[in-house]
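Chain residues, written in single-letter form:
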Amino acid sequence: MIDFENEIYTRIYQRVTDDFPDADVDSLENYMPSHFPFINIVEAENSVRERDRDSGGIENFANVMYEINVYTRGEKKKETAKAIFASINNEFMKMGFIRLMKSPATFNNGQNFRMIGRFAAAVGADGTVYQR
């Protein structure tokens, strides 16, 4: 199985913590964080690209999709979430991913803000990232 989750997570984690040192970042889903800003980076898909298997049935590429959740609160919660999301977006673009979606949401009676995003690519067995 092609698995570069740790490498991709580490790269996004490093970008976020460099740009936003107060942010808490994790690879596990947490829909009610206790610290803000909070970002989770979850590999939501890792599937075989059937057409790219070799004659021995070995996978050469995997379709991967990452879901990003940026949670913020406070007076500038939307602006903060957008700035964090832009940083994450830029790093995924540098790696060769495409953004599938970006969607805002509020919760906890509008006290908290959440920006949801999904990024996708095909990853080769050597770790090279290709747009789907």
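Above this text you will find the structure in question.
Predicted model, so just to flag it, every value in this text is computed and none were measured.

About the cut-offs
- Residues numbered from 1 in each chain as written.
- Predicted model: local features only at pLDDT ≥ 70, side-chain atom pairs only at ≥ 80, totals over all residues.
- Heavy atoms only, no water.
- Helix = DSSP H or I, 4+ residues; strand = E, 2+ residues; numbered from the N terminus.
- Buried < 20%, exposed > 50% of the residue type's maximum accessible area, 1.4 Å probe, protein only.
- Contact = heavy atoms within 4.5 Å.
- Areas by Shrake-Rupley, 256 points an atom, 1.4 Å probe, with all protein chains shown as cover.
- Core = buried A, V, L, I, M, F, W, Y, C linked by side-chain atoms within 4.5 Å.
- Pairing = 2+ DSSP bridges.

**Looking at the overall build of the protein chain**
For the protein chain, the helix and strand inventory stands at two helices and six strands. In the protein chain, the succession of helices and strands from N to C terminus is α-β-β-β-α-β-β-β. By its C-alpha atoms, the protein chain is 55 × 25 × 20 Å across when sized along the principal axes. For the protein chain, buried positions account for 42% of its 132 residues. Look at the contacts in the protein chain between residues 6 or more apart in sequence, and 57% of them connect residues 24 or more apart. Of the roughly 7200 Å² that the protein chain leaves accessible, carbon and sulfur atoms contribute 45%.

**Here's the deal with the nonpolar core**
One finds Ile39, Ile41, Ile68, Val70, Ile88, Phe92 and Phe97 to be the most contacted residues of the largest nonpolar core, which totals 26 residues. Counting only elements with at least two residues in this core, the list comes to helix H1 (5-19), strand S2 (38-48), strand S3 (61-73), helix H2 (77-95) and strand S5 (112-124). Here the element with the most residues in this core is H2; it accounts for six residues. Setting aside anything within four residues of it in sequence, one finds isoleucine 39 in contact with Val16, Ala23, Asp24, Val25, Asp26, Ile68, Asn69, Val70, Ile84 and Ile88.

**Here we look at the pairing of strand S4 (residues 98-107)**
Inspection of the sheet shows S4 paired to S5 by nine bridges, in the antiparallel sense. Across the sheet, residue alanine 105 finds its bridge partner in S5, namely arginine 114.

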